[in-house]
Every structure is written in C-alpha cells, then in structure tokens.
Amino acid sequence: MSQAADGSRDLTLTGVTKEYADFTAVKSLDLTVPQGEFFALLGPSGCGKTTTLRMVAGLDTPTTGSITLGDLDITYAKPYQRPVNTVFQNYALFPHLTIFENVAFGLRRKGVKNVAQPVEAMLELVELTSQARKKPTQLSGGQQQRVALARALINQPEVLLLDEPLGALDLKLRRAMQTELKRIQSEVGLTFVHVTHDQEEAMGMADTIAVMNAGVIEQMGSPVELYDNPRTAFVANFLGRSSLMAATVKEVTSEYVKANMHGTVVSIPIERAHVREGSAWVGIRPEKVLIAAAGTPIDAPGNHIEGGIVTDVNYVGVSTEYLVRMPWGQEIGAFAQNTGHQDILPVGSQVDLSWRPEFAFLLDSDEDPNAGKEEQA
C-alpha cells in the first residue's frame, strides 16, 4: 500500500457492493466523505449503513468495488493496517482497568513508553481529567462513551467511525453527548463517519447526511437541504414528517411549477419541483402549514385551502399539533406555535389552511407516498 504524501485525504467508496447468500446489503455505492467532515449515514435498520461502516473499518470485505483514503487503497487491508478506529454502542471498555489505563491501552500495545502526556491530553479533551483513577463501572453512560471516544482518538486515526454510539443513552444524555461529539470533532479536525437511525441525532451533528434505504443512498446533502428539499418520498417521510397530496402539473414557468391539487392550483418553486409534467405529489412540512378558524385571515400569501375539519389535537408545549381532514378525505398535519396569539382549536373545528409557495416541494407520482413512514416509527 502506498500513502499519499500530500493532497486530499478524502474517504472514497467506489462501486462498493456487499452481497450475502440470500440478499444484497449494499448496492454499487459511490460515496466521498471530505477530509475533516462530520458525516452521517442515516437510515432504518437493515438499510446497509452498518455494513458500509464495517467495510470501511475492515470488519467486512466488499464483494466488488474499492475503498480509498486519499491515495491509500484500504479495500482489503486488515483493520489494524488502516488509519481508522471505531467507537461502538457498547463502549467495550476494560472493567478491570482505570480510565487512564483504558485510554492508554492502544499506545501501550504499540510499545509507546511515555503515555502520560497524550493520555492526559485526551482526558482533558473529553473533560474527564478528574475521573482518571476510577473504573468504568463508577462512571455514567455518557462518561463511559467519552472514555471510548478518547481511547479511539488517542491512536490518531484519520477517520473515526461511530456505530450508533449514543443508542444506549437516555434522551437527556444523548442530547448532551451530541453537543460533546460535535465539539470534539471540531477541536480535533478528524473525519467522523457517524452511523445512526436517529434523524435528530444526524441533523444536530452532521455537516453532510447520506440517507440510505435498501442498500442505496436515496439523497445526500446538508441537513437543511435534505429537510427543506427532499427528492424522494422516503426522504420526505423518514427525515421528519411530510404531507404528500396528489396533484397534476398544469404549468411550468421559469420560477414555479403550478399544479392542480384537488381543485386548488398551488405553486412550487422550480428548484423544489422534481417532476415537471403529469401526476405528482405536492409535499409540505406540517410546521410550514398555517391553520385558522374558517373565514379568518391567514398571513401566508400563496396556497390557501378551505374546508378542513380538525380531527385530532395534540398539545406538546411549544406547539400544538393538529390533524386536519381535507375536503378530499386526506388528513394532513399542521403545527401551530403556542405564542398566545391564537386559541387552540378543538376537534371538530372548521378550518382553513395556508402555506407559502416557497416551502412546498413536488415529487414524482411513481413514489410511494408512505415510503419511510413505517421505518421512522
């Protein structure tokens, strides 16, 4: 194996496929993770994300394709030959060793004599200096996760793989560790590849997210790009919630695609319209939908629909989540911020809905409108 002396050290997967006797876990995957980026592979169980991570780690071998780190081909390299380390969900700490010795383990195995300074630096990075002499069982789950992180980072890998690293933590700890992981990644500047099924986790930490489904990448981009402008029904439903409503494209201009949605003509920005003719799904996120009692003015010029009836109300503190049955029988969501300017509308209320055209998106009618919903639940 030859290593590049300079230049980019991007992680690149080219045509990577992993086949088993009875199914294909990953299908001809092309993926580049830029050096120094916090990258998330997001998807439901069985989508191929963990298999992809295991191939990068050297724990599984691709059936076809190549994996490179800069000019270094690591496709068939043993795990210990790769400048890659992995942090797993179960931490795998040595219970009989102190935190200091857990972190020092990798250096000692390499024959490094003077471990004190690098270990202390790592413990400071993960804010565990005061816990150095304790055993893993004396620490909280979040602290144990940081020990596992320090133990991986001390080996100075070029790529750190994180396999559902926060899955064993409760919600409060998980959110705190999201902030910690992002801080640590920013400080050390390494490439992090984070595998998760948790949309909030990926959205909160990653620079770039690749949404995987059935062994392929459905869409890749920044969290904002994926959420605001999904290109498939799976992404629209798996990453947050969406209402998808049947429509027919009527007109295409330089700025908008106009579609007839059950008798109402709605506008979709051209850059969010992923179909330009025929049948389509008009998509809108529920927090973009404004709701008001029938006949009440709504401050959202654009797509305005009358004749809705509230079928469910869920008060969640910062907002109230409504389900509204539309005149054509479909129920769609609308989230109203609880600012105090509007009373909560009870079940059975007749309502009007509206949203700004720039918030809608348009998908091909060949897409299954329920794709991604079951996996998200």
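These numbers were taken from a predicted model, which means no experiment stands behind them. (Residues numbered from 1 in each chain as written. Predicted model: local features only at pLDDT ≥ 70, side-chain atom pairs only at ≥ 80, totals over all residues. Heavy atoms only, no water.)

1. A look at unusual backbone geometry
Most peptide bonds take the trans configuration, and most residues that are not glycine carry a negative phi. Phi at serine 28 takes a positive value of approximately 45 degrees, unusual for a residue other than glycine. With respect to the element layout, serine 28 can be found in strand β2 (residues 24-33). In the Ramachandran plot, glutamine 156 falls in the positive-phi region, its phi being about 55 degrees despite a non-glycine side chain. Here glutamine 156 shows up in the loop between α4 (141-153) and β7 (159-163). (Helix = DSSP H or I, 4+ residues; strand = E, 2+ residues; numbered from the N terminus.)

2. Some remarks on empty space enclosed by the protein
Here the structure, examined in full by the defined rule, presents one cavity of 30 Å³ or more. In this structure, the largest cavity occupies an estimated 50 Å³ of space. Looking at the lining of the largest cavity, the elements with two or more residues in it are β1 (11-19), β2, β3 (38-42) and α1 (49-57). The element best represented in the lining of the largest cavity is α1, accounting for three residues. Of the residues assigned to the lining of the largest cavity, the class counts are nine nonpolar, one polar and no charged. (1 Å grid on protein atoms, 1.4 Å probe; cavity = no way out; pocket = protein on both sides within 12 Å on 5 of 7 lines; lining within 4 Å. Points joined across faces, edges and corners; volume = space filled by probe spheres on them. Nonpolar A, V, L, I, M, F, W, Y, C, P; charged D, E, K, R; others polar.)

3. Comments concerning the packing of aromatic side chains
Per the stated rule, a full pass over the model turns up four aromatic pairs. Aromatic pair tyrosine 20 and phenylalanine 23: ring centres 5.2 Å apart, planes at 20 degrees, arrangement stacked. Overall, tyrosine 20 belongs to the partly exposed group, its relative accessible area being 35%. Over the ring of tyrosine 20 we find lysine 18; its NZ or CZ atom is 5.3 Å from the centre of that ring. Looking at arginine 133, its charged tip hangs above the ring of phenylalanine 100, at a distance of 4.9 Å from the centre. (Phe/Tyr/Trp six-rings, centres within 6.5 Å; stacked < 30°, edge-to-face > 60°. Buried < 20%, exposed > 50% of the residue type's maximum accessible area, 1.4 Å probe, protein only. Lys NZ or Arg CZ within 6 Å of the ring centre and 35° of its normal.)

4. Regarding the sheet that holds strand β18 (residues 331-337)
Read from one edge to the other, the open sheet built from five strands follows the order β15-β19-β16-β17-β18, with strand pairing classed as antiparallel. If you trace the sheet from one side to the other, it starts and ends with β15 (290-293) and β18, each paired once. Within this sheet the neighbouring strands show an average axis-to-axis angle of 45 degrees, counted without direction. Here β15 pairs with strand β19 (residues 350-355) via four bridges, running antiparallel. Within β19, the position partnered with isoleucine 291 by the bridge is leucine 353. (Pairing = 2+ DSSP bridges. Axes fitted to C-alpha atoms, helices over the stretch in contact; angles between N-to-C directions.)

5. Quick notes on the pattern of salt bridges
Following the criterion strictly, the structure yields 12 salt bridges and no others. Here glutamate 127 and arginine 183 are joined by a salt bridge, their closest N and O atoms 3.8 Å apart. Here glutamate 127 is found in the loop between α3 (116-125) and α4, whereas its partner arginine 183 is found in helix α5 (residues 171-188), with 56 residues between them in sequence. The exposure class of arginine 183 is partly exposed, given its relative accessible area of 22%. (Salt bridge = Lys/Arg side-chain N within 4 Å of Asp/Glu carboxyl O.)

6. Structural notes on α3
Those residues of α3 not exposed but buried are Val119, Met122, Leu123 and Leu125. Burial along α3 is one-sided: seen end-on, the buried residues are contained in an arc of 155 degrees. Residues of α3 that are exposed and angled more than 90 degrees away from the buried face: Gln117 and Glu124. The inward-facing, buried residues of α3 abut α2 (99-109), α4 and α5. Just downstream of α3, glutamate 127 is the residue with a positive phi angle, here 60 degrees. (Arc of directions from axis to C-beta. Contact = heavy atoms within 4.5 Å.)

7. Here we look at the layout of surface pockets
One number sums up the size of the largest pocket: a volume of about 770 Å³. Every residue lining the largest pocket is counted, 25 residues in all, and those nearest its centre are Val84, Asn85, Thr86, Arg109 and Asn155. For the lining of the largest pocket, the secondary-structure elements that each account for two or more residues are β6 (84-87), α2 and α4. Here the lining of the largest pocket gets four residues from one element, more than from any other, and that element is β6. Considering only residue class, the lining of the largest pocket consists of 15 nonpolar, six polar and four charged. Here the second largest pocket defines a volume of roughly 370 Å³. If you trace the second largest pocket, you find 21 residues lining it, with Arg241, Ser242, Ser243, Leu323 and Lys373 closest to the centre.

8. Things to note about α2
Of the positions making up α2, those classed as buried are Ile99, Phe100, Asn102, Val103, Ala104, Gly106 and Leu107. In this structure, the buried side of α2 is in contact with α3 and α4. Within two residues after α2, glycine 111 carries a phi angle of roughly 90 degrees, on the positive side.

9. What to know about the domain arrangement of the protein chain
Interface extent is often summarised as the accessible area lost during association of the parts. Its domain assignment divides the protein chain into domain 1 (11-228) and domain 2 (241-364). Just the C-alpha atoms count here: the centres of domain 1 and domain 2 sit 39 Å apart. (Domains from an automatic or database assignment.)

10. Some thoughts on the environment of threonine 248
Counting through the fold element by element, threonine 248 comes out in strand β11 (residues 243-252). Considering only alpha carbons, one finds threonine 248 and serine 365, 117 residues apart in sequence, at a separation of 9.3 Å. Not counting chain neighbours up to four residues away, the residues in contact with threonine 248 comprise Lys258, Ala259, Asn260 and Gly278.

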